[in-house]
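Examining the three-dimensional arrangement
One letter stands for each residue in the lines below.
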Number of protein chains: 2
Amino acid sequence: MYTETAMLGLDVPLRASERAYRQLRGEILNGLLAPGAALLEVEQAERIGVSRTPLREAVARLIADGLVVGRRGRGFEVTDISVDSISELYELRQALEVQAIRLAATRRDPAPFVELRGAFLTAPELLEQGDIGVHRYYALIDELEDAVDAAVENPFLVGALRAVRTHLARIRRLARRNPLRLRAAAAEHLLIIDAIIAGDPSLAAHATHIHLHQSLLSVLAAIDEDSASSRSATAAD
Amino acid sequence: MYTETAMLGLDVPLRASERAYRQLRGEILNGLLAPGAALLEVEQAERIGVSRTPLREAVARLIADGLVVGRRGRGFEVTDISVDSISELYELRQALEVQAIRLAATRRDPAPFVELRGAFLTAPELLEQGDIGVHRYYALIDELEDAVDAAVENPFLVGALRAVRTHLARIRRLARRNPLRLRAAAAEHLLIIDAIIAGDPSLAAHATHIHLHQSLLSVLAAIDEDSASSRSATAAD
DNA sequence: ATTGCGGTTTCTGTATACACAAGAGCGATC
DNA sequence: GATCGCTCTTGTGTATACAGAAACCGCAAT
């Protein structure tokens, strides 16, 4: 909505409030600002190098995103993530993604999905290639999400999905990835893509339902393991 | 999230930004600020009686709510409501309410719903009593929504629903109410309540699906009529 | 008549100053 | 020794001042 200049990394002088928002958001999502961390206006403002006014605006947006909550007397803090909240988020995610996929299967232009299908077919090989492959696999998922968003053509629904994905990004950090799960997830995605291409909303919806069910199980298991033994290889999408 | 003092209309000195937010939000929802209306900071600030800083915060929250959009160069304007956007909103609403009702039917404490059932049984009589009755009927719907929210126990889902209801409030203003539709809607609500009491998520979900389908049809028909003949009695929930 | 250019004005974006409220620390008193 | 109260610090809430940018108006030229 603000500057539409930000295409292609063109570093046009961004507004201070926008800079502050992006930086704080990024730091929260990648865990640099841990859940429960206090955000003092003056402190953060001078750290980022803006004055309090734009910083306040940034924090207001983060509150609207649900990444930050105001606490009673003093200041704000980063929202924390409980196991309960993960299940709750997935209940919302389930509703939104199933609806989105259903609509995408109804309205889609098949072309981008056919292309994605080809890419997802190579996923198993991709996942053999270590971190770089995994990274490219995640990029594929992003492309799939974008294609679905475009096919859905519903700003309200897409907006709600974006909000959910913001929180998902934080959750993924909690659970390290599990190669086995990623392989299975790729197969699930393929089924969803096929259903979209076939224009079968019902199949697409059910496949999505199952995919998210497995995804949640995997995340919860990963967190369980992580809190039991201090570190182990686990999973997300 | 801010002051939790605002119970029971206790007019504790509210923060200026909160006052501005509530006033602007109210004026947008009840149509006093029409879609497309321009919001100039200085103008609005002095009208409401706050300075630009808290007003800016209020506008930022309205943007997050989707009630206001920033326009390229100059200022902000109230979001407009197209017929397309109504259908889109209902696609989101469908997903959220069906999920919420499903969860409510699973988790509910039956007591409040049994009570609501009694109230909804009297709806047909209530709707005979003119405006005051209709008003009380709408209050019943609010109570139902609150009961569902409480039963769902999912902040993410409830938060998304609240956002949708905000937009619905504006849409209801577009279409005047139709007594016949209200009577039918009451029956649909009763079915949903029964399903929740019975603890039958699937029945509750399908009943909700149908209810929203009818509701959308009614709203769209009402708007059609309104734009054809300049005024006529029409419908919402 | 239409279009391009420039001055002017108005509005936003940001910084900063001030007031008030909440908390913490310290001291005095029981 | 513990508890209550006071003060002092710190941080938010709000107002305002200043700078930069974008739109509007008028004028002129084609």
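None of the values given here were measured: they were computed from a predicted structure.

Parameters and conventions
Each chain has its residues counted from 1, running along the sequence as written. The lettering of chains begins at A and the numbering of ligands begins at 1, in the order of writing. Whole-chain, interface and lining totals are the exception, using all residues; otherwise, since this is a predicted model, local features are given only for residues with pLDDT of at least 70 and side-chain atom pairs are given and counted only at 80 or more. Hydrogens are left out, water is left out, and the side-chain values use all remaining heavy atoms of the structure. Only runs of H or I of at least four residues qualify as helices and only runs of E of at least two qualify as strands under DSSP, and these elements are numbered from the N terminus. Throughout, a residue-residue contact means that at least one pair of heavy atoms, one from each residue, lies within 4.5 Å. Shrake-Rupley sampling with a 1.4 Å probe provides the accessible areas, and residues are treated as covered by the protein chains on show and by no other component. Confidence of the predictor at the level of single residues is given by pLDDT, which spans 0 to 100. When at least one non-hydrogen atom of a residue lies within 4 Å of a molecule or strand, that residue is treated as near it. Two N or O atoms form a polar contact when they lie within 3.5 Å of each other; inside protein one atom must be a possible hydrogen donor and the other a possible acceptor, and for residues adjacent in sequence the pair counts only when both atoms belong to side chains. Accessible area is worked out with a 1.4 Å probe on protein chains only. A residue is then buried under 20% of its type maximum, exposed over 50%, and partly exposed in between. Strands qualify as paired when DSSP identifies two bridges or more between them. Two rings belonging to Phe, Tyr or Trp (six-membered ring only in the last case) form a pair when the distance between their centres is within 6.5 Å. Interplanar angles under 30 degrees mark stacking, angles over 60 mark edge-to-face geometry, and anything in between is tilted. When two components associate, each loses some accessible surface as probed by a 1.4 Å sphere; the sum of these losses over both components is called the buried area. In what follows, salt bridge is the name for a side-chain nitrogen of Lys or Arg lying within 4 Å of a carboxyl oxygen of Asp or Glu. Copies are brought into register by a least-squares superposition over C-alpha atoms of residues with pLDDT of at least 70 in both.

Here we take up the overall build of chain A. Tallying secondary structure elements over chain A gives ten helices and three strands in all. The order of α-helices and β-strands along chain A, N terminus first, is α-β-α-α-β-β-α-α-α-α-α-α-α. Contacts in chain A between residues at least 24 apart in sequence constitute 73% of all its contacts with a sequence separation of at least 6. If you sum the accessible surface of chain A, you get close to 11,800 Å²; carbon and sulfur atoms cover 56% of it.

Moving on, we get to the confidence of the model for chain A. All names here are of chain A. Summary statistics for chain A give a mean pLDDT of 88 and a share of 90% for residues scoring 70 or more. Mean pLDDT across the secondary structure elements of chain A bottoms out at strand E1 (residues 38–39), with 86, and peaks at helix H4 (residues 83–107), with 97. Across residues 1–11, confidence stays below pLDDT 50; counting only partners more than four residues off in sequence or on other chains, it has eleven contacts.

Among the 19 residues in the neighbourhood of DNA strand D, the closest are listed as A:Arg52, A:Arg56, B:Ala16, B:Ser51 and B:Thr53. Protein-proximal atoms of DNA strand D, defined as those within 4 Å of the protein, fall in sugar or phosphate at a share of 66%. One nitrogen or oxygen atom from the side chain of A:Arg52 is found 3.0 Å from a base nitrogen belonging to DNA strand D. In the environment of DNA strand D, a phosphate oxygen lies 2.7 Å from a nitrogen or oxygen atom belonging to the backbone of B:Ser51.

The next thing to look at is the environment of B:Leu174. Tracing the chain through its elements places B:Leu174 in helix H8 (residues 155–174). Note on B:Leu174: relative accessible area 37%, which makes it partly exposed.

It is worth spelling out the protein's contact with DNA strand C at this point. In the vicinity of DNA strand C lie 18 residues, with A:Ala16, A:Ser51, A:Thr53, B:Arg52 and B:Arg56 positioned nearest. At the protein interface, 59% of the atoms of DNA strand C within 4 Å belong to sugar or phosphate. The contact in question runs from a phosphate oxygen of DNA strand C to an N or O atom on the backbone of B:Glu41, over 3.1 Å. B:Arg56 has a polar side-chain atom sitting 2.3 Å from a phosphate oxygen of DNA strand C. Of all the secondary structure elements, the ones that give two or more residues to the surface near DNA strand C are helix H1 (16–29) and helix H3 (52–65) of chain A together with helix H2 (41–48) and helix H3 (52–65) of chain B. It is H3(A) that provides the largest number of residues to the surface near DNA strand C, a total of three residues.

Now for the sheet that holds strand E3 (residues 76–78) of chain B. All names here are of chain B. If you trace the three strands from one edge of the open sheet to the other, you get E1-E3-E2, paired in antiparallel fashion. The open sheet has two edge strands with one neighbour each: strand E1 (38–39) and strand E2 (68–70). Sheet topology note: the E2/E3 ladder contains three bridges and is antiparallel. Following the sheet pairing, Val69 is matched in E3 by Glu77.

In the structure shown here, the tally under the stated rule is four aromatic pairs over all chains. Aromatic pair B:Phe120 and B:Tyr137: ring centres 6.2 Å apart, planes at 80 degrees, arrangement edge-to-face. Taken together, the residues B:Phe120 in helix H5 (residues 110–121) and B:Tyr137 in helix H7 (residues 130–152) connect sequence positions 17 residues apart. When its relative accessible area of 0% is taken as the criterion, B:Tyr137 is described as buried. An aromatic cluster is present here, built from A:Phe120, A:Tyr137 and A:Tyr138 joined pairwise through their rings.

Turning our eyes to something else, we now look at the interface of chain A and chain B. Tallying the contact residues gives 25 residues for chain A and 26 residues for chain B. Summing both partners gives a buried area of about 2,100 Å² for chain A against chain B, and 63% of it is carried by carbon and sulfur. The partner of B:Arg56 in a salt bridge is A:Glu57, with the nearest N and O atoms 3.2 Å apart. Taken together, chain A and chain B are joined by ten residue pairs in polar contact (both at pLDDT 80 or more). Within the residue set of the side of chain A that touches chain B, elements represented by two or more residues are H3, H4 and helix H8 (155–174) of chain A. When residues of the side of chain A that touches chain B are assigned to their parent elements, the largest contribution, eleven residues, is made by H4(A).

What follows concerns the sheet that holds strand E3 (residues 76–78) of chain A. Residues and elements named next belong to chain A. Taken in spatial order, the three strands of this open sheet run E1-E3-E2, and their pairing is antiparallel. Two strands lie at the open edges of the sheet, namely E1 and strand E2 (68–70), each paired on one side alone. When E1 meets E3, the two strands line up antiparallel, connected through two bridges. The residue bridging Ala38 from the neighbouring strand is Glu77, located in E3.

Of the transformation placing chain A onto chain B, the axial shift is 0.0 Å and the rotation is 180 degrees, giving an RMSD of 0.0 Å. A rotation of that kind, with that shift, is consistent with a two-fold axis. Relative to the rotation axis, the C-alpha of A:Ala95 is the closest in chain A, positioned 2.7 Å from it. Comparing interface residues between copies, 100% of those in chain A also sit at the interface in chain B, which points to an isologous, same-surface contact.

All names here are of chain B. Of note, Thr208 is situated in helix H10 (residues 201–228). On the basis of relative accessible area, Thr208 is assigned to the buried category, the value being 1%. For Thr208, the side chain forms a polar contact with the main-chain oxygen of Ala204, separated by 2.8 Å. In this view, Thr208 contacts Gln94, Glu97, Val98, Ile101 and Ile192; residues no more than four positions away in its chain are not counted.

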